[in-house]
Amino acid sequence: MKKAGKRFEIACYKNKVIEWRNKVETDIDEVLQTHTVFTNVSKGQVAKKDDLEHAFSTGDQTEICKQILTKGELQVSEKERSTQLESTFRDIATTVADKTVNPETKRPYTVGVIEKAMKDMHFSVKPNRNPKQQALEVVKKLKETMEIERAQMRLKIILPQREAKKLKDKVKEISSVIESEHWDGDLEIVCLIDPGCYRQMDELVRTSTKAKGSLEVLSLKNIAEGDDRLE
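Reading the values: the criteria
The residue numbers shown here count from 1 along each chain, following its written sequence. Per-residue local features are limited, in this predicted model, to residues with pLDDT of at least 70; the limit for side-chain atom pairs, both in listing and counting, is 80 or more; totals at the level of whole chains, interfaces and linings are taken over all residues. With hydrogens and water set aside, each side-chain value is computed from the structure's full complement of heavy atoms. Only DSSP runs of H or I covering at least 4 residues are called helices, and only runs of E covering at least 2 are called strands; the numbering of each starts at the N terminus. Given a helix with a known number of residues, its expected span is that number minus one, times 1.5 Å. Relative accessibility decides the category of a residue: with a 1.4 Å probe and only protein chains considered, values under 20% of the type maximum give buried, values over 50% give exposed, and everything between is partly exposed. By construction, the arc corresponds to the directions joining the helix axis to the C-beta atoms. Polar contacts, as used here, are pairs of N or O atoms within 3.5 Å; protein pairs need one atom able to donate a hydrogen and one able to accept it. Residues neighboring in sequence count only if both atoms are side-chain atoms. If DSSP finds at least two bridges between two strands, the strands pair. To pair, rings of Phe, Tyr and Trp, with the six-membered ring standing in for Trp, must have centres within 6.5 Å; the planes then decide the type, stacked if under 30 degrees apart, edge-to-face if over 60, and tilted in the middle.

> Please provide a residue-by-residue account of helix α6 (residues 131–142), values included.
For α6, spanning 12 residues, the distance from its first C-alpha to its last is 16 Å, which sits close to the expected 16 Å at 1.5 Å a residue. For α6, every residue scored as buried is listed here: Q134, A135, V138, V139 and L142. All buried residues of α6 fall inside an arc of 150° around its axis, so they share one side. Here α6 starts with a cap whose side-chain oxygen sits 2.7 Å from the backbone nitrogen of K132, and that cap is N130.

> I'd like to hear about the pairing of strand β9 (residues 177–184), residue by residue, with values.
Of the pairings in the sheet, the one linking β9 to strand β10 (residues 186–193) comprises 7 bridges and is antiparallel in character. Following the sheet pairing, S180 is matched in β10 by V190. Between β9 and the antiparallel strand that follows it, β10, lie 1 residue; G185 among them carries a positive phi value of about 85°.

> Run through the packing of aromatic side chains, naming residues and quoting values.
Enumeration according to the criterion identifies 2 aromatic pairs in this entry. Measuring from centroid to centroid gives 5.2 Å for F8 and F56, while their planes differ by 65°, and the two rings are edge-to-face. Here F8 is found in the loop between β2 (6–7) and β3 (9–12), whereas its partner F56 is found in helix α2 (residues 49–56), with 48 residues between them in sequence. Classification of F56 as buried rests on a relative accessible area of 7%.

As structure tokens, then:
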């Protein structure tokens, strides 16, 4: 990292840097080999205290290490970079395959099919971005070329009799499909929703019923019965 006209480096475990930036790893001791700041790690040249204070306005080397971890450029060989990108590409494809289905058959695609579709649309991994966020972007782009959608969550909602009538229509608005309704004093609804609407539904049930209603996740993704996957 260049700052105030000088170069500063830290010794870290490269595979942990991405995890740190994605907030997967939070223990800095698992990321840094040492809390010392260098001007050249390979030669063991330690940065001068005056230079650090001038550049970072602090002499706290751990704090400086955190700044370099967050904003510095990760030095990796072309082979390491290629391997890392391939691994992240596979992780993104796996996430997409796990979270989506063909909307017509309700069956999931294989990771191989998703990988091929990603290559066909010339998807490029962004190494400094969270793979899960990139997976959501991939789903949006894949919708332009293939039948795919996020797998729906199945919920069971109990609405107290007093609030049920006025809340039923709101539940229907948020839901993709109402599978069943059953009155037994209270109203029980089983529905499918897009995972992105879960918080909205949860807040509606909690706040509008003053915590007297309930929401239960019956399944995280609704897929057709059987083990067949789309090839």
